[in-house]
Amino acid sequence: MEQRDSGEAPPLVVCVIPARGGSKGLPGKNIARVGGVPLIARAVAAARAASSIGTVLVSTDDDGIAAAAVAEGARIVRRPASLSGDEASSESAVLHALDALPEQPDIVVFVQATSPFISPADLEHAVELIRTGRFDSVFAARSSHGFLWRTDADGQAIGVNHDATRRLRRQEREPEFLETGAFYAFRTDGFRAAGFRFFGRVGIVPVAELSGIEIDTADDLELARASAPLHHRPHVVDVDAVVTDFDGVHTDDRVSLTFDGREAVTVNRSDGMGVERLRRNGVPFLILSKEQNPVVSSRAAKLRVAVLQGVDDKLPALQAWADSIDVPLSRIAYLGNDVNDLECLRAVGWPVAVADAHPEVRAAARLILRRRGGDGAVRELSDAVLSARVPTHQKRELP
């Protein structure tokens, strides 16, 4: 592909994400949550955040995958049963998705949902390498200086990429690259002619080692969940409403008792300002608490926000409140700290945990705040919500 003049329209770039429902090794793999977000939603979000990618298509045979992808802004291509079995190739799913389009793109970005930490900047790099004509197809890979071995029929170890009698130092060896499987990009016409993702001049898009995790087994999934806090922390939380627990969120989870049994807690004025800013900007706010205590009602009245307390089963109450303000759970941020918040955290689009939350809550969270409960956590979330702005890019999308 020749490099386009600056005055020409940008190339039409389409992302295709094959994600079938059946997985024998790890059932429900493509909607398993990492950092509080289904894998398919993470993949769609990464593609939509890349400015050069227009339409994002998810090829699937599964209703749950389709719903999660649509909620994140993808279009769905229903995959027939003949392309949904274990032996169906990814290439066949990509070709099927392309055949369903009204206009053929110039460039295809093929993303796999089983890689949860794809950087939009890396996708941009991949598109640019194809757009400028430097390569015909590219793939994500991480560099490696590891010593590889194999065994012969007798079990004897044989060096694959090194001479075992001469151990070179890392700086003396050229790096090799391990394909991560996260994404590929290629010219559409070349892909159709070759029928395979590698053709013509093939290039590498180097990615960070932490982003190279690919989920095939339950152990891979646990590793990804443990790694999630190490990756990019979102600076904005794009939601339409905010719900918080009270104890351990607006407070440090401690309580003072007077001689006659009355309770008192300490709250943070910065949190109060955060809630006020949300309210003034028209963001609905709810305090949802298991405890039935006058201090909760008093704080909610001071903040002039809705409150539901004495609620043992929080999720139905959350759903009813969301319905009453006509906001889907996918557009709600829920801030919690303990295990009784887990159902709500797993149901909303933005599960958020305070810094000192229970380990299970931290594992379920899409965002773990820097602030502890009672120490500005609510204000930190408020600032992230109010900072949310959808960037505008010049993209070519399909009609």
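Report follows, based on the coordinates. Within each chain, residues carry numbers counting from 1 in the order of the written sequence. Per-residue local features are limited, in this predicted model, to residues with pLDDT of at least 70; the limit for side-chain atom pairs, both in listing and counting, is 80 or more; totals at the level of whole chains, interfaces and linings are taken over all residues. In computing side-chain properties, one takes all heavy atoms of the structure into account and sets aside hydrogens as well as water.

At Asp 253, a residue that is not glycine, the phi angle is positive and equals roughly 75°. The phi torsion at Asp 326 lies on the positive side, around 60°, for a residue other than glycine. Counting through the fold element by element, Asp 326 comes out in the loop between helix 9 (314–324) and strand 17 (332–336). Only DSSP runs of H or I with at least four residues qualify as helices, and only runs of E with at least two residues qualify as strands; both kinds are numbered from the N terminus onward.

Another aspect to go through is empty space enclosed by the protein. Whether a set of points on the 1 Å grid over the protein atoms alone is a cavity depends on a 1.4 Å probe fitting there but being unable to get out, while an open set qualifies as a pocket with protein on both sides within 12 Å along at least five of seven lines; lining residues are those with an atom within 4 Å of a point. Grid points are joined across faces, edges and corners, and a volume is the space filled by probe spheres set on the points. Counting across every chain of the model gives one cavity of 30 Å³ or more. There is about 30 Å³ of room inside the largest cavity. Taken together, Phe 117, Ile 118, Ser 119, Asp 122, Ala 182, Phe 183, Val 207 and Ser 211 make up the lining of the largest cavity. Basically, the charged four are Asp, Glu, Lys and Arg, the nonpolar ten are Ala, Val, Leu, Ile, Met, Phe, Trp, Tyr, Cys and Pro, and anything else, Gly included, counts as polar. Of the residues that constitute the lining of the largest cavity, the class distribution is five nonpolar, two polar and one charged.

Turning to helix 9, a few remarks are in order. Throughout, exposure labels follow a simple rule: accessible area from a 1.4 Å probe, protein chains only, divided by the maximum for the residue type, with under 20% read as buried, over 50% as exposed, and the rest as partly exposed. Among the residues making up helix 9, those that are buried are Lys 314, Ala 317, Leu 318, Trp 321 and Ala 322. Take helix 9 and look down its axis: the buried residues cluster within an arc of 135°, on one side only. In helix 9, the exposed residues that point more than 90 degrees away from the buried face are Asp 323 and Ser 324. Throughout, a contact is declared for two residues whenever any of their heavy atoms are within 4.5 Å. Residues of helix 9 that are buried in the fold lie against strand 12 (241–244), strand 15 (285–288), strand 16 (306–308), strand 17 and helix 10 (342–347). In the stretch just after helix 9, Asp 326 is the one whose phi turns positive, near 60°. Directions drawn from the helix axis to the C-beta atoms are what define this arc.

Here the focus is helix 6 (residues 218–227). Buried residues of helix 6: Leu 221, Ala 224 and Ser 227, and no others. Seen end-on, helix 6 carries its buried residues on one side only, within an arc spanning 130°. Looking at helix 6, the residues exposed on the side facing more than 90 degrees away from the buried face are Asp 219 and Ala 226. Buried residues along helix 6 sit against strand 2 (33–34).

Our focus in this paragraph is the packing of helix 7 (residues 269–280) against helix 12 (residues 377–386). For every element, the axis is a line fit to its C-alpha atoms; helices are fit only across the contacting stretch, and the angle between N-to-C directions ranges from 0 to 180 degrees. As a packed pair, helix 7 and helix 12 sit with axes 7 Å apart at the nearest point and diverge in direction by 30°. Between helix 7 and helix 12, the crossing angle belongs to the class labelled roughly parallel. Two packed elements cross with a definite hand, and for helix 7 against helix 12 that hand is left-handed. Between helix 7 and helix 12, the residues in contact are Ser 270, Asp 271, Met 273, Gly 274, Val 275, Arg 277 and Leu 278 and Ala 377, Val 378, Arg 379, Ser 382, Asp 383, Val 385 and Leu 386, respectively. Across the contact of helix 7 with helix 12, the residue classes break down as seven nonpolar, three polar and four charged. Roughly parallel here means an angle under 35 degrees, roughly antiparallel means over 145, roughly perpendicular means 65 to 115, and every remaining angle is called oblique. Put simply, a crossing is left-handed when the front helix is turned counterclockwise from the back one by less than a right angle, and right-handed when it is turned clockwise.

Stacked, tilted and edge-to-face pairs are distinguished by plane angle, under 30 degrees for stacked and over 60 for edge-to-face with tilted covering the rest, among Phe, Tyr and Trp rings (Trp via its six-membered ring) whose centres lie within 6.5 Å. Within this structure, the stated rule accounts for six aromatic pairs. A centroid spacing of 5.2 Å and a plane angle of 25° characterise the contact between Phe 110 and Tyr 184, whose relative ring orientation is stacked. Residue Phe 110 is located in strand 6 (residues 107–111), and its partner Tyr 184 is located in strand 10 (residues 176–187); the two are separated by 74 residues in the primary sequence. With relative accessibility at 1%, the residue Phe 110 sits in the buried group. Taken together, a centroid distance of 5.6 Å and an interplanar angle of 90° make the contact between Phe 139 and Phe 198 edge-to-face. On the criterion of sequence distance, the pair formed by Phe 139 in strand 7 (residues 137–144) and Phe 198 in the loop between helix 5 (188–194) and strand 11 (202–206) is long-range, its members being 59 residues apart. Of the residues examined, Phe 139 reaches a relative accessible area of 13% and is grouped as buried.

Time to look at the nonpolar core. In terms of nonpolar packing, the biggest core is built from 51 residues, with Val 237, Leu 288 and Ile 332 touching the most fellow members. In terms of residue count, helix 12 provides more of this core than any other element does, six residues in total. Contact partners of Leu 288, with chain neighbours within four places excluded, come to Val 243, Thr 244, Asp 245, Phe 246, Leu 308, Val 311, Lys 314, Ala 317, Leu 318, Tyr 334 and Cys 344. Residue types Ala, Val, Leu, Ile, Met, Phe, Trp, Tyr and Cys, when buried and joined through side-chain atoms within 4.5 Å, form a set referred to as a nonpolar core. The next biggest cluster of nonpolar side chains, apart from the first, holds 35 residues, and it includes Ala 46, Ala 47, Val 56 and Val 205.

Geometric descriptors of this kind do not, in isolation, establish any biological role.
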